[in-house]
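Okay, here's what each chain looks like letter by letter:
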Amino acid sequence: MKRPSTWLIAAVALLAALVYPFVFSSTEATTIGFFALLYVGLAASWNINGYTGYISLGHSAFFGIGAYTIALFATRLGLQGGYGLFAVALLGGLVAGVAALPLGFIALRVRTMHSFVIITIAYVMMLQLLAYNLESITNGPNGLGVPQPAWSGAFFNIPFYFAALVLAVGTVLLSAWIRGSRFGLGLMAIRDDEDKAAGVGVDTWKYKLTAYVISAIPIGIGGAVYAYFASYIYPQTVFDPTIDLGIVLSVFLGGTGTILGPIVGALIIQPAQQLLTLYTGNLGTAGWDLLLLGALFLVVILLMPSGIVPSLVERARRTSVREAVTKADETTPGAQTAVGGNGTS
Amino acid sequence: MSLVLGSVVLGILSGGIYALMAVGLTLSFGVLEVVNIAQGMFVIAAAYLSYALQRYWHIDPLLGLVITIPVMFLLGLVVEWSFIRRLKQDRVMLSILVSWAVALILEGVVGLIFADDFRSIHSWYVTATVPVFGLYVPDIYLIGFALAVVLMGLVYLLVYRSRFGAALRAMVQNREAAALLGIDVQRISTLTFAIATGLTAAGGMLFGAIQAFNADSNLDLISRLLIIVILGGMGSMGGALVASVGLLVAVNIIAVTWTPNWSTFFFFGITILVLVFRPQGFFGAPAARKV
């Protein structure tokens with residue numbers, strides 16, 4: 001994010017996000033906007049841990065922790081719905097971050113990628129079971145409600161939309177800052193070669209755990225905001241592997257390890273998914289959405305394993321190189337052989 | 001006390017059945033370096049296949065294996081050929097995502113055909129029971145255990161007593177070296193994946209007989225299978241069997257002596273606790289494969 005054009009694009013995108021709910025003010029449109037921005041936040045946050053190359057399929061554990069935090073806190077203290085509850089959502093992030101410490105400690109002890117992935121999947125299952133079984137606290141399978149604000153009609157979605165926007169922008173900035181920092185450099189060194197990273201003095205264990213904990217916090221906040229928006233949560237709706245699917249698919253579609261990738265991915269996947277369920281839901285055939293989502297996922301991974309953003313960047317780079325070469329050809333006739341002669345030298 | 005003994009027996013029997021479902025997973029990992037998230041959905045698809053054969057053509061589920069095993073084997077061939085083979089780099093990570101996508105598609109297809117109501121496979125040997133230390137164990141557990149032992153025995157013979165198996169084990173040790181020695185790495189990979197998928201036909205039939213299922217069950221199932229496989233040590237067949245039996249005995253004892261509600265929680269909890277002290281699982285080599 002150094003060139004002025006990047007800042008310009010960011011400013012335009014932000015402006016578009018700010019006016020969107022006023023241009024498209026129907027409840028459907030703002031709901032889609034809310035979910036798109038929520039997932040930008042979730043995906044960007046997940047990607048902070050993703051910088052290390054350790055793929056977590058269990059970050060919905062933190063989503064659920066955040067959701068249950070706000071629900072429990074608000075109902076136990078008898079809080080009223082309103083703008084104040086967004087502050088409680090921050091608490092959801094804090095609790096998720098604290099929970100991430102022991103969970104990350106255990107998951108990162110197994111140094112192999114596959115074991116890490118499997119343990120993170122197990123976390124979601126375990127927390128879901130905890131939410132089912134600790135009935136005295138979580139109300140078990142009957143779920144918990146979150147006090148609702150008095151906002152009505154089409155306006156209802158607007159505060160949630162902006163809460164999601166703040167979360168999205170904040171998380172993207174955090175993720176960008178980390179990527180550019182010494183810490184982020186260490187994380188990416190771990191991704192490329194963990195042993196070498198340790199060899200050159202990166203405290204890999206501390207770095208990985210820190211990234212894991214940091215990435216849990218915005219997701220916890222996101223879970224809390226979602227719970228407030230949804231007004232009622234159940235163990236299976238917040239500790240839900242399909243949330244992980246949405247996050248991971250967004251990041252991979254956009255491009256892992258990039259700042260822009262999760263944004264682009266989430267802005268494509270979420271509206272598509274929302275529209276899909278909106279339409280296929282009416283047909284009464286719930287299988288189609290899974291089928292299409294799976295097919296999309298396959299196409300992305302097989303055709304663009306590095307994601308949209310890196311693929312486009314690579315393509316742009318090639319075009320600019322080609323242009324430079326053509327330009328060179330025009331000015332100096334001998335350049336063709338010099339550039340094309342790589343193979344023979 | 002006799003209840004505990006009964007639950008131990010039940011745990012061993014169902015442990016064998018789970019091991020049968022998990023063995024393909026560990027085999028694919030060892031040979032192809034692939035973590036197959038679709039394995040759970042393969043099991044469920046196979047269960048639907050047995051269910052449909054019995055429901056619409058009145059073919060006994062056990063007899064139906066003659067049809068379902070080749071069908072699942074073919075499915076494995078197709079999936080390996082169309083997707084798994086295309087993964088050149090970062091196989092572990094990309095295979096997780098690709099097989100997850102395959103699972104989603106299969107789940108969607110099954111959902112379209114059967115909707116999401118729970119089904120179960122019925123037969124006289126599912127309802128008949130034998131008393132074991134005060135527990136009434138359905139015959140299907142005994143049949144299932146026997147079937148699991150036979151099939152895993154066959155896999156053992158294939159892997160450790162055949163030319164194919166020798167090539168397969170060479171690949172587990174070192175893929176590149178095996179290829180240099182003239183082993184047709186691609187062919188062995190495809191066949192291994194297809195065999196692993198073919199085995200889910202039996203696993204699915206048994207799974208559908210011991211509990212009600214729908215397409216959604218695959219997530220819970222795959223988590224359990226993956227947990228069994230990492231507890232045993234990724235790539236180790238014996239490990240998968242030991243882990244499977246050990247875990248199921250433990251959770252059955254918890255279910256009988258305390259409460260069934262918490263048994264699944266401990267299924268995951270015990271494994272994670274073990275991994276804290278032994279990150280490579282029971283039989284895995286320490287940090288065997290750097291990924």
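Residues numbered from 1 in each chain as written. Chains lettered and ligands numbered in written order. Predicted model: local features only at pLDDT ≥ 70, side-chain atom pairs only at ≥ 80, totals over all residues. Heavy atoms only, no water.

**Q** Go over the overall build of chain A with me, naming the residues and quoting the values.
**A** Scanning chain A for helices and strands turns up 16 helices and two strands. Compactness check: chain A gives a C-alpha radius of gyration of 22 Å against a globular reference of 20 Å for 345 residues, within 12% of the reference. Every one of the 345 residues in chain A was classed for burial, and the buried ones make up 53%. Restricting to contacts in chain A with at least 6 residues of sequence separation, those with at least 24 account for 80%. A total of about 15300 Å² of accessible surface is found on chain A, and carbon and sulfur atoms cover 68% of it. (Helix = DSSP H or I, 4+ residues; strand = E, 2+ residues; numbered from the N terminus. Rg over C-alpha atoms; globule rule 2.2 N^0.38 Å. Buried < 20%, exposed > 50% of the residue type's maximum accessible area, 1.4 Å probe, protein only. Contact = heavy atoms within 4.5 Å. Areas by Shrake-Rupley, 256 points an atom, 1.4 Å probe, with all protein chains shown as cover.)

**Q** Just give me the short version of the overall build of chain B, but keep the residues and values in it.
**A** Across its full length, chain B carries twelve helices and two strands. At 19 Å, chain B has a C-alpha radius of gyration in line with the 19 Å of a compact globule built from 291 residues. Among the 291 residues that make up chain B, the fraction classed as buried is 58%. A fraction of 78% describes how many contacts in chain B between residues 6 or more apart in sequence connect residues 24 or more apart.

**Q** Describe in detail the confidence of the model for chain B, supporting the description with residues and values.
**A** When pLDDT is averaged along chain B, the result is 87, and 97% of the positions lie at 70 or above. In the model, residues 287–291 of chain B has pLDDT below 50 throughout and makes ten contacts with residues more than four positions away in sequence or in other chains. (pLDDT = per-residue confidence, 0-100.)

**Q** Run through the interface of chain A and chain B, naming residues and quoting values.
**A** Where interface size is given, it is often the accessible area lost as the parts come together that is meant. If you look at the interface, chain A gives 41 residues, while chain B gives 44 residues. Across the chain A/chain B interface, buried area totals approximately 3800 Å², and carbon plus sulfur atoms make up 86% of it. Among the residues chain A hides against chain B, the three largest losses belong to His-114, Ile-118 and Leu-298 of chain A. Together they make up 15% of the total. At the boundary of chain A with chain B, the tally comes to zero salt bridges. Taken together, chain A and chain B are joined by two residue pairs in polar contact (both at pLDDT 80 or more). For the side of chain A that touches chain B, the elements supplying multiple residues, two or more each, are helix H4 (85–109), helix H5 (113–133), helix H12 (241–254) and helix H14 (287–303) of chain A. With 14 residues, the top contributor of residues to the side of chain A that touches chain B is H5 of chain A. (Buried area = accessible area lost by both parts, 1.4 Å probe. Salt bridge = Lys/Arg side-chain N within 4 Å of Asp/Glu carboxyl O. Polar contact = N/O pair within 3.5 Å; in protein donor to acceptor, adjacent residues only side chain to side chain.)

**Q** Would you mind going over unusual backbone geometry in detail, with residue names and values included?
**A** In this model, Ser-231 of chain A sits at a positive phi of 70 degrees, which is unusual for a non-glycine residue. Residue placement: Ser-231 of chain A occurs in the loop between helix H10 (204–230) and strand S2 (232–233). The backbone of Glu-33 of chain B shows a phi angle near 55 degrees, a positive value even though the residue is not glycine. With respect to the helices, strands and loops of the structure, Glu-33 of chain B is situated in the loop between helix H1 (2–32) and helix H2 (39–57).

**Q** For the packing of H1 of chain B against helix H9 (residues 185–210) of chain B, give the residues involved together with the corresponding values.
**A** Residue and element names in this part refer to chain B. Running from N to C, H1 and H9 cross one another at 165 degrees; their axes reach a closest spacing of 8 Å. As far as their axial angle goes, H9 and H1 are roughly antiparallel. The two elements H1 and H9 meet at a crossing, and its hand is left-handed. Judged by residue contacts, Ile-17, Tyr-18, Leu-20, Met-21, Val-23, Gly-24, Leu-27, Ser-28, Val-31 and Leu-32 of H1 engage Ile-188, Ser-189, Thr-192, Phe-193, Ala-196, Leu-199, Ala-202, Gly-203, Leu-206 and Phe-207 from H9. (Axes fitted to C-alpha atoms, helices over the stretch in contact; angles between N-to-C directions. Parallel < 35°, antiparallel > 145°, perpendicular 65-115°, else oblique. Left-handed = near helix turned anticlockwise from the far one by under 90°.)

**Q** Lay out the side chain of Thr-197 of chain B in plain terms, naming residues and giving numbers.
**A** Residue and element names in this part refer to chain B. Mapped onto the elements, Thr-197 comes out in helix H9. With relative accessibility at 1%, the residue Thr-197 sits in the buried group. Beyond its immediate stretch of four places on either side in the chain, Thr-197 contacts Phe-42, Met-72 and Gly-76.

**Q** Help me get a handle on the packing of aromatic side chains, residues and values and all.
**A** The relative placement of two aromatic rings is captured by the distance of their centres and the angle of their planes. Here the structure, examined in full by the defined rule, presents 39 aromatic pairs over all chains. Taking 6.5 Å as the distance between ring centres and 80 degrees as the angle between the ring planes, the aromatic pair formed by Phe-42 of chain B and Phe-193 of chain B counts as edge-to-face. Pair noted here: Phe-42 of chain B is in helix H2 and Phe-193 of chain B is in helix H9, with a separation of 151 residues, a long-range link. No difference in accessibility class separates Phe-42 of chain B from Phe-193 of chain B, as the two residues are buried. An aromatic cluster is defined as three or more aromatic residues linked by ring pairs; in this entry it consists of Phe-34, Phe-35, Phe-63, Tyr-83, Phe-86, Trp-151, Phe-155, Phe-156, Phe-160, Tyr-226, Tyr-228 and Phe-229 of chain A. Seen from the ring of Trp-81 of chain B, Arg-86 of chain B lies directly overhead, with NZ or CZ sitting 5.2 Å from the centre. Here the guanidinium or amino end of Arg-224 of chain B rests over the ring plane of Phe-267 of chain B, the centre of that ring lying 5.1 Å away. (Phe/Tyr/Trp six-rings, centres within 6.5 Å; stacked < 30°, edge-to-face > 60°. Lys NZ or Arg CZ within 6 Å of the ring centre and 35° of its normal.)

**Q** An account of H9 of chain B is needed here, citing residue identities and associated values.
**A** All names here are of chain B. Between its first and last C-alpha atoms H9 spans 37 Å; for 26 residues at 1.5 Å apiece the expected length is 38 Å, and the two agree. Ala-202 marks where H9 bends most, by close to 25 degrees. Here H9 lies mainly inside the structure; 22 of its 26 residues are buried. (Expected span 1.5 Å × (residues − 1). Bend = angle between axes of the 7 residues up to and from the residue.)

**Q** Quick rundown of the nonpolar core? Include the residues and the values.
**A** Counting residues in each nonpolar core, the largest one holds 205 residues, and the members touching the most others are Phe-62 and Ile-247 of chain A. Non-local contacts of Phe-62 of chain A, meaning those with residues more than four positions away in its chain, are made with Ala-96, Ala-99, Ala-100, Leu-103, Tyr-212, Ala-216, Ile-219 and Gly-220 of chain A. (Core = buried A, V, L, I, M, F, W, Y, C linked by side-chain atoms within 4.5 Å.)

**Q** Break down the pattern of salt bridges for me, citing the residues and quoting the values.
**A** Residue and element names in this part refer to chain A. One pass over the structure, following the stated rule, counts eight salt bridges over all chains. Notably, a salt bridge pairs Asp-192 with Arg-191, separated by 3.4 Å at the nearest N-O pair. Note on Asp-192: relative accessible area 59%, which makes it exposed. Judged by its relative accessible area of 36%, Arg-191 falls in the partly exposed class.

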